Amino acid sequence: MHLLLYAFALLVVLSNASPLYRRAPATIHSTCTVPGTFAITVDDGPYNQTWDLIKYLNEQNVHATFFINGKNWVDVATDSTLTSDGEKTYMDHVRFMHSSGHQVASHTFTHQILTDLTEDEIIDEMNMMSDLIYEAIQERPRYMRPPNGAYDDATQATLGNLGYEMVLWDLDSKDYINHNATVNERVFVQAFKDEDPKAQVTPAAISSKPEVSKPTPLPTGSHIALMHDVHYQTGPELIPWLVGQLRTRGYKMTTVADCLDDPRPYQ
Ligand SMILES: [Zn+2]
């Protein structure tokens with residue numbers, strides 16, 4: 001009997017020493033799946049332009065996704081900045097994003113390159129960021145973007161085990177390389193050109209009816225665009241230009257979760 005109990009206890013101990021990865025590797029999203037949607041995503045903040053960027057997006061009735069850090073350009077837990085509404089803490093910024101309907105997502109706590117970290121260090125980076133976001137908005141992010149887009153099988157497995165969806169991008173403004181909005185706009189101009197239905201029509205398909213009688217076709221492409229609200233041109237210049245372009249072309253500007261038709265942005 002004692003032996004049986006011992007065997008049972010051993011089994012319990014062994015089963016508690018569970019395999020490292022209990023869930024599937026994190027799914028990676030590089031583009032939206034709902035046709036005609038466009039996800040504006042901003043990384044590395046919040047920073048000193050973020051409050052007014054949120055105000056601008058709200059005025060435009062546009063929802064974006066903020067992949068935020070806890071300690072990158074600022075210490076979100078302790079720092080504050082002057083905004084057009086006076087001095088605001090960065091915790092206020094996170095609350096303002098969330099209450100305005102933007103998606104708050106994780107970009108790790110200190111912007112470490114995850115492929116350089118051990119599993120325990122990745123878990124710490126993710127949990128510290130999740131705790132800080134929870135402190136601000138009482139929600140835990142389900143979406144994350146690995147810094148520099150760097151990942152490998154081990155990071156994907158660890159992030160999946162923590163319940164995260166990974167988000168990359170298919171349009172990169174490169175606003176972190178060239179701090180000139182006109183240069184940053186080029187990738188979008190090219191994408192719009194590639195998707196212009198008029199440019200793709202074959203001669204046989206050209207209607208004899210005058211062009212003006214045709215309704216403007218809605219865009220069929222869908223994109224996740226990478227930007228950073230820590231470079232001075234992005235919030236004040238690049239994003240307003242992009243919003244105007246997207247509106248003219250009939251794109252629906254949504255959060256990442258919405259452009260993937262996912263009703264659960266948080267864990
Ligand atoms: Zn980043």
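What counts as what
Residues numbered from 1 in each chain as written. Predicted model: local features only at pLDDT ≥ 70, side-chain atom pairs only at ≥ 80, totals over all residues. Core = buried A, V, L, I, M, F, W, Y, C linked by C-beta atoms within 7 Å. Buried ≥ 20, exposed ≤ 12 C-beta atoms within 10 Å, placed from the backbone. Helix = DSSP H or I, 4+ residues; strand = E, 2+ residues; numbered from the N terminus. Contact = placed C-beta atoms within 7 Å.

Draft legend 1. A look at the nonpolar core. Counting 57 residues, the largest nonpolar core has Ala-39, Ile-40, Phe-66, Val-94, Met-144, Ala-225 and Val-256 as its most contacted members. The biggest single contributor to this core is helix H4 (residues 119-137), with six residues. Dropping the residues within four chain positions of it, Ala-225 is found in contact with Phe-38, Ala-39, Ile-40, Thr-41, Trp-169, Leu-171 and Ser-173.

Draft legend 2. Geometry of unusual backbone geometry. Cis geometry is found at the peptide bond from Gly-45 to Pro-46, where omega equals 0 degrees. Looking at where Pro-46 falls in the secondary structure, it is placed in the loop between strand E2 (37-43) and helix H2 (50-59). Although it is not a glycine, His-111 sits at a positive phi angle of roughly 60 degrees. The exposure class assigned to His-111 is partly exposed, which follows from the 17 C-beta atoms found within 10 Å. Look at Asp-261: it is not a glycine, yet its phi comes out positive at around 55 degrees. Mapped onto the fold, Asp-261 is located in the segment after helix H10 (256-259). On the basis of neighbour counts, which here come to 11 C-beta atoms within 10 Å, the residue Asp-261 falls in the exposed class.

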